[in-house]
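Here is how the chains run, residue by residue.
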Amino acid sequence: MPQKILAGRATDPQLRGDLVQVKVDQVILSRAPSRALAEAIATGMKKTPVEVAVAYDGTCVADASSLADIDEGSPHSVSPEFPTYNIPIARPGIGFPAPVHLERFAAPARLALTDDPRLATVGGIGMLSLVVSPSQLGQALATGSVWLRPPRSVQIHLSGRVRPFVCARDVALELLRRNLDEVVRRIEGEHHAPVILEFAGPSARLLSVGDRAVLCGIAPQVGAAAALFVSDEKTEVFLRDQRRSKAHRALVPDPGAPCEEVVSIDLGTVDPLLMDEQGAVRPVRDLAGKPVAQVVLGGDSGVTLRDMLAAALLLKSKRVPSRLDLLVAPPSRQVLEVLAQSGALVDLVATGARIIEPDRRVVSSEIYPPPPGAVSLRTADPEPRIAGAPSFVVASAETLAYAVATGVVGDPRSFKRPVRVTVPRALPTDDVLILRDKKGEQVSTKKPPSAPPAVPWKGPLTLDVLAGVPKVNGHAAVGLRGEKAPAPAPGDAGAPAAGEKAPAAPAAPAEGKAAGGVALVLSTLDEVRAVVERATDLSAVRAVVAPFVPSTAVSAFASEGIATFLVGAEALGSIKEQKSVELPAPAQWGDRVAAVFGEERVEVAWLATGLERSWTHAGTARQPAASKPAR
């Protein structure tokens, strides 16, 4: 199915070559909207030619820091100039980007580009969503096309029916427990191409679009580029309920279409599961009886409207235990309205729930963090698990309801009698919080954001080696491009020893001189994911060395001027102990690069291919002038 979507939009329908140019239908901006707009403006954009482009402003709880970001034009803020470029703004309070986009904009058999891996959930409607860098998003906004690696597919064959008190969240956790990440990693290693999960089988067509979205949300956690369901009558009914029937297109795989591997799962064998703080998936009974201090019901993934209504029914006439906080984060404004109209919101409030705003910092635990030393249960997928990041337990909405009712972790089947949930067909679809340009009126007279200067590779480089993801009080330890880097606090990763100076963020190199910088040595997929998501902030990082880097991450790094190198796991330990690495001049780079870590010479594999190599050397994928979109 992903090949069908790309072939219909590619200049080469056979998808031959390392990279192919494809037309883009939608652009979804969430993590660094202003940076993507700046890249598009630098490419010469006047108005974007893409079918749908939306910028989500996820800062609902405004404070002095967030207001300063807007005033200073931070890459992560939403510039008020967006509507003048034919890019509507989804204002704070509309909900989390993933569920809102699924409801209001996502369309089957289309290609979307985004900067947020959590948008993988839109694959539940049959839309292919791929994560790219801000400079690639800028190209897509300006020209309507982008260069991508042709993908490979892994089919997940679903059969059987789920039992009472087993939700789509439990099925997603079961897939994680079956080491799907190892399958993805092996195929990536063989073909050096993005892997996309395709859900198929008789039971795939029985699932609602909401349940499908929950299953697609696991793609980033296993290293897959995206996940995709068929577009069928269930999809058509969902779009009709959203009053968007015209957006429907059928999408089914061709008979006998090849895939790299098939993973089968019988839904009738899935039990209530949870993912513990260390990321291990276990049966709920393994933690039965453990006290719970915090429950966050909702968020941007892992829960559907049906799940929210079921939890409210299970908790009706119950009371929150004295040592437990129940926080309800409705995924979207639409879900909030349905909960209110059905009386479920009243039931949750009467239970003792606190309704919180859909702020982007809820899913990252920057606000409402898990209580120290206590168990926090949540439905949303976790952010990449790195050292120092807040950790919590992930479970289904019905497992969370049992924890609220009893104060401890337990199997929701102890409720004995399952609730009957009727999801209303008449859904509120008012887009009052979508800000569009009205007849070309200027939204703001402020100067539009400007793209940072590219830092090209010139001559040999000596880079400082840092192990892991550098962080300072939850933020990257190297500064924003063009800004002064904050000093690391003592004891933080990347902080200098006593008496030493912290490495400065590099400026653009003078002609004939080499610039310094940082090479990050990463051990896990979660560390790679975390660095990709922070790439716009990590101005000093010039290279990434890891035993596994997904193809989409390689492209994103290359377009930011960051070289990606593959090294064997056996050499990782000794490399981490070194203080610096010497890299030869780019003219000497090939498929293998001779790097010198300390005094040890190590042959590393350069993972970039085709145009990605020229992006790396140039420091950006930005083109000097806009070209016509691909047909």
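Residues numbered from 1 in each chain as written. Predicted model: local features only at pLDDT ≥ 70, side-chain atom pairs only at ≥ 80, totals over all residues. Heavy atoms only, no water.

**Q** I'm lost on the overall build of the protein in this one. Help?
**A** Looking only at helices and strands, the protein has 18 helices and 28 strands in total. A compact globule built from 631 residues would reach a C-alpha radius of gyration of about 25 Å, and the protein, at 24 Å, matches this within 12%. Projected onto its principal axes, the C-alpha coordinates of the protein cover approximately 75 × 55 × 55 Å. Buried positions account for 58% of the 631 residues belonging to the protein. Carbon and sulfur atoms form 51% of the exposed surface of the protein, whose accessible area is close to 25200 Å². The distance from the centre of the 70 positive side-chain charges to the centre of the 68 negative ones in the protein is 5 Å. (Helix = DSSP H or I, 4+ residues; strand = E, 2+ residues; numbered from the N terminus. Rg over C-alpha atoms; globule rule 2.2 N^0.38 Å. Buried < 20%, exposed > 50% of the residue type's maximum accessible area, 1.4 Å probe, protein only. Areas by Shrake-Rupley, 256 points an atom, 1.4 Å probe, with all protein chains shown as cover. Lys, Arg positive; Asp, Glu negative; His and termini not counted. Charge placed at Lys NZ, Arg CZ, Asp CG, Glu CD.)

**Q** Just to check I follow, could you spell out the sheet that holds strand 3 (residues 52-56) for this structure?
**A** The strands that make up a sheet pair up through hydrogen bonds in the backbone, lying either parallel or antiparallel. Here 6 strands make up an open sheet; going across it, the order is 6-5-2-3-4-19 and the pairing mixed. Every other strand in the sheet has two partners, leaving strand 6 (128-131) and strand 19 (434-435) as the edge strands with one partner each. Alignment of strand 2 (residues 26-29) against strand 3, held across 4 bridges, turns out to be parallel. Bridging from a neighbouring strand, Gln 26 pairs with Val 52 of strand 3. (Pairing = 2+ DSSP bridges.)

**Q** I would appreciate a short explanation of empty space enclosed by the protein in the present structure.
**A** Empty space among the atoms becomes visible once a probe the size of a water molecule is rolled across them. For the structure on display, the rule yields 9 cavities of 30 Å³ or more. What the largest cavity holds in volume is close to 270 Å³. In terms of lining residues, the largest cavity is bounded by 22 residues, among which Pro 117, Val 131, Ala 224, Arg 529 and Thr 552 are the most central. It is helix 15 (residues 525-533) that provides the largest number of residues to the lining of the largest cavity, a total of 5 residues. Among the residues making up the lining of the largest cavity, the classes are represented as 15 nonpolar, 4 polar and 3 charged. A per-class count over the lining of the second largest cavity returns 8 nonpolar, 3 polar and 4 charged. (1 Å grid on protein atoms, 1.4 Å probe; cavity = no way out; pocket = protein on both sides within 12 Å on 5 of 7 lines; lining within 4 Å. Points joined across faces, edges and corners; volume = space filled by probe spheres on them. Nonpolar A, V, L, I, M, F, W, Y, C, P; charged D, E, K, R; others polar.)

**Q** Help me understand helix 17 (residues 569-576), please; the structure alone is not making it clear to me.
**A** Burial in helix 17 covers these residues: Ala 571, Leu 572 and Ile 575. All buried residues of helix 17 project into a common sector of 120° when viewed along the axis, lining one side. Of the surrounding elements, those touching the buried residues of helix 17 are strand 20 (461-467), strand 23 (518-521), strand 27 (592-597) and strand 28 (600-606). (Arc of directions from axis to C-beta. Contact = heavy atoms within 4.5 Å.)

**Q** In this structure, what is going on with the sheet that holds strand 27? I would like to understand it.
**A** Read around the barrel, 7 strands follow the order 20-23-24-25-28-27-26 and close on themselves; strand pairing throughout is mixed. On average, each strand axis in the sheet is inclined to that of its neighbour by 35°, with strand direction left out of account. Sheet topology places strand 24 (residues 541-546) next to strand 25 (residues 563-566); 4 bridges connect them, and they run parallel. Bridge pairing in strand 25 places Ala 543 opposite Ala 563. (Axes fitted to C-alpha atoms, helices over the stretch in contact; angles between N-to-C directions.)

**Q** Please explain the pairing of strand 14 (residues 294-298) as it appears in this structure.
**A** Strand residues, when the strand is regular, have side chains that alternate between the two faces of the sheet. A large share of strand 14 lies buried, amounting to 5 of its 5 residues. Sheet analysis places strand 14 next to strand 15 (residues 325-329), joined by 5 bridges and oriented parallel. What sits directly across from Val 296, in strand 15, is Leu 327. Each parallel crossover has a hand, and for strand 14 linked through helix 10 (residues 305-314) to strand 15 it is right-handed. Relative to strand 17 (residues 376-378), strand 14 runs parallel, the two sharing 3 bridges. (Right-handed = clockwise from strand over helix to strand, strands pointing away.)

**Q** For this particular structure, what's the right way to read the pairing of strand 23?
**A** Alternating residues of strand 23 divide into Val 518 and Leu 520 and Ala 519 and Val 521, and every residue in both groups is buried. The pairing of strand 20 with strand 23 spans 4 bridges and is parallel. In the sheet register, Asp 464 faces strand 23, and the bridge partner there is Val 518. The sheet contact formed by strand 23 and strand 24 spans 4 bridges and is parallel.

**Q** How should I be thinking about the packing of helix 2 (residues 33-43) against helix 5 (residues 134-143) in this particular structure?
**A** When two helices pack together, you describe them by how their axes are tilted relative to each other and by the distance separating the axes. Interhelical geometry of helix 2 versus helix 5 gives an angle of 55° and a closest axis separation of 7 Å. With respect to each other, helix 2 and helix 5 are oriented oblique. As helix 2 runs across helix 5, the sense of the crossing is right-handed. Residues Arg 35, Ala 36, Glu 39, Ala 40 and Thr 43 of helix 2 form the contact with helix 5, whose own contacting residues are Pro 134, Ser 135, Leu 137, Gly 138, Gln 139, Leu 141 and Ala 142. Its residues assigned to classes, the contact of helix 2 with helix 5 shows 6 nonpolar, 4 polar and 2 charged. (Parallel < 35°, antiparallel > 145°, perpendicular 65-115°, else oblique. Left-handed = near helix turned anticlockwise from the far one by under 90°.)

**Q** Looking at this structure, how should I read a nonpolar patch on the surface?
**A** Residues Leu 336, Val 349 and Ile 355 make up a contiguous nonpolar surface patch of about 220 Å² in total accessible area. By secondary structure assignment, the location of Val 349 is in helix 12 (residues 344-351). (Patch = residues over 30% accessible without salt bridge, like charges linked within 9 Å, V, L, I, M, F, W, Y side chains within 5 Å. Salt bridge = Lys/Arg side-chain N within 4 Å of Asp/Glu carboxyl O.)

**Q** Just checking my understanding: could you explain the nonpolar core for this structure?
**A** One recurring pattern in soluble globular proteins: nonpolar side chains tend to sit buried together. Core analysis: the largest hydrophobic core is formed by 44 residues, its most contacted members being Phe 565, Leu 583 and Phe 597. Among the elements that line this core, the one with the most residues is strand 24, at 5 residues. Those residues within four positions of Phe 565 in sequence are excluded, and the remaining contacts are Ala 543, Val 544, Val 545, Ala 546, Leu 583, Trp 589, Val 593, Val 604, Ala 605 and Trp 606. Membership of the second largest hydrophobic core comes to 40 residues, among which are Val 27, Ala 55, Ile 89 and Ala 226. (Core = buried A, V, L, I, M, F, W, Y, C linked by side-chain atoms within 4.5 Å.)

**Q** Sorry if this is basic, but what is going on with helix 16 (residues 551-559) here?
**A** An α-helix turns once per 3.6 residues; consequently, residues spaced three or four apart project the same way. The buried fraction of helix 16 is high, at 8 of 9 residues. Taken together, the buried positions of helix 16 are Ser 551, Ala 553, Val 554, Ser 555, Ala 556, Phe 557, Ala 558 and Ser 559. With its phi angle positive at about 80°, Gly 561 sits one or two positions after the end of helix 16.

**Q** Would you explain unusual backbone geometry in this entry?
**A** Trans peptide bonds make up most of the peptide bonds, and negative phi angles are found at most residues other than glycine. Here Leu 15, not a glycine, exhibits a phi torsion of approximately 55°, which is positive. Along the chain, the position of Leu 15 falls in the loop between helix 1 (2-7) and strand 1 (20-23).

**Q** Which parts of the structure should I look at to understand the packing of aromatic side chains?
**A** For any two aromatic rings, the description comes down to two numbers: the centre-to-centre distance and the angle of the planes. If you walk through the whole model with that rule in mind, you get 6 aromatic pairs. Pairing Trp 457 with Trp 589 gives two aromatic rings, centres 5.0 Å apart and planes at 70°, and the pair type is edge-to-face. Linking Trp 457 in the loop between strand 19 and strand 20 with Trp 589 in the loop between strand 26 (580-583) and strand 27, this pair joins segments that are 132 residues apart in sequence. Like Trp 589, Trp 457 is buried. The interplanar angle of 85° and the centroid separation of 4.9 Å between the aromatic rings of Trp 589 and Trp 606 together place this pair among those described as edge-to-face. Taken together, the residues Trp 589 in the loop between strand 26 and strand 27 and Trp 606 in strand 28 connect sequence positions 17 residues apart. There is no split in this pair, since Trp 589 and Trp 606 are both buried. Three or more aromatic residues link up through ring pairs in this structure, and these residues are Trp 457, Phe 565, Trp 589 and Trp 606. (Phe/Tyr/Trp six-rings, centres within 6.5 Å; stacked < 30°, edge-to-face > 60°.)

**Q** Just to check I follow, could you spell out the environment of Gln 136 for this structure?
**A** Looking at where Gln 136 falls in the secondary structure, it is placed in helix 5. Separated by 160 residues in sequence, Gln 136 and Val 296 place their C-alpha atoms 35 Å apart. In this view, Gln 136 contacts Val 146, Trp 147, Ser 555, Ala 556, Ser 559, Trp 615 and Ala 621; residues no more than four positions away in its chain are not counted.

That is the geometry; function is a separate question.
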